[in-house]
Amino acid sequence: MPVASEFTLFSGGAQGAEAEFGKQAEAFGVQEINYSFEGHKIERNRGLRMLTQEELMRKDVSLTYVSKLLDRNFSNGPLIRMVLRTIMYQVDAGLEVFVVGAILDNGTVNGGTGWGAEFAKICNKPLFVFDQVKNGWFTWKDNAWAPVASPVITKAHFTGTGTRFVEENGRAAIAELFGRSFGTAK
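The model shown is predicted, which means the values in this text are computed figures rather than measured ones.

**Student:** Explain the packing of helix H4 (residues 78-93) against helix H5 (residues 113-122) to me, please; I cannot follow it from the model alone.
**Tutor:** If you want to describe how two helices pack, look at the angle between their axes and the distance between the axes. Closest axis-to-axis distance for the H4/H5 pair is 9 Å, and the angle between their directions is 40 degrees. One finds that H4 runs oblique with respect to H5. The handedness of the crossing between H4 and H5 is right-handed. Between H4, through Leu84, Ile87, Met88, Val91 and Asp92, and H5, the contact on the second element is made entirely by Trp115, Gly116, Phe119 and Ala120.

Dropping the structure here:
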């Protein structure tokens, strides 16, 4: 088993899947960095990394581009822009990406989380999604989603993100992912 304390979770500390990834990281002794910005409501303060306005501007992305890529509309509000930027920091920092949500018929992941999954694809990073509706893990391979039975965390720097509306099966999937990867919680 790898030494959990040599691994770092990069996340956002938000309600739902991100908070659950953080809770598991802490329980297993994995280091945690949560990217956020002033005024953003988060549940996890462990390893909090507040991004400056300058840092956030470096990750500016066209909402028209994101909307077209995900085949849905994102409002032009300042909050969603900031959230999309923090997601880019999370994905940039991780060498593999784990997401909890739902894969839609068009191959994207639901909600703002979908941007994290698409950005991971663009960056050509190993990507795993636990689909709460299909109740299973999938990986992005050869430009398509393929079922994967039991992924494990293999990179010392990894990203954990996902829906604010994490279900019990999503919580269990995150806990089992950490258990398979690091053994028993501390």
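Moving on from the model shown.
**Student:** Could you clarify how one ought to interpret the nonpolar core in this entry?
**Tutor:** A general feature of soluble globular proteins is that nonpolar side chains tend to end up buried together. One finds Val66, Val109, Trp115, Leu127, Val129 and Trp145 to be the most contacted residues of the largest nonpolar core, which totals 30 residues. Residue assignment for this core shows that the elements contributing at least two residues are helix H3 (63-70), H4, strand E4 (96-101), H5 and strand E5 (127-131). Counting residues per element, this core draws most heavily on H4, at 8 residues. Look past the residues within four positions of Leu127 in its chain and what remains in contact with it is Val97, Val99, Ala117, Ala120, Lys121, Phe138, Thr139, Trp140 and Trp145.

Thresholds, definitions, all that
- Residues numbered from 1 in each chain as written.
- Predicted model: local features only at pLDDT ≥ 70, side-chain atom pairs only at ≥ 80, totals over all residues.
- Heavy atoms only, no water.
- Axes fitted to C-alpha atoms, helices over the stretch in contact; angles between N-to-C directions.
- Helix = DSSP H or I, 4+ residues; strand = E, 2+ residues; numbered from the N terminus.
- Parallel < 35°, antiparallel > 145°, perpendicular 65-115°, else oblique.
- Left-handed = near helix turned anticlockwise from the far one by under 90°.
- Contact = heavy atoms within 4.5 Å.
- Core = buried A, V, L, I, M, F, W, Y, C linked by side-chain atoms within 4.5 Å.
- Buried < 20%, exposed > 50% of the residue type's maximum accessible area, 1.4 Å probe, protein only.

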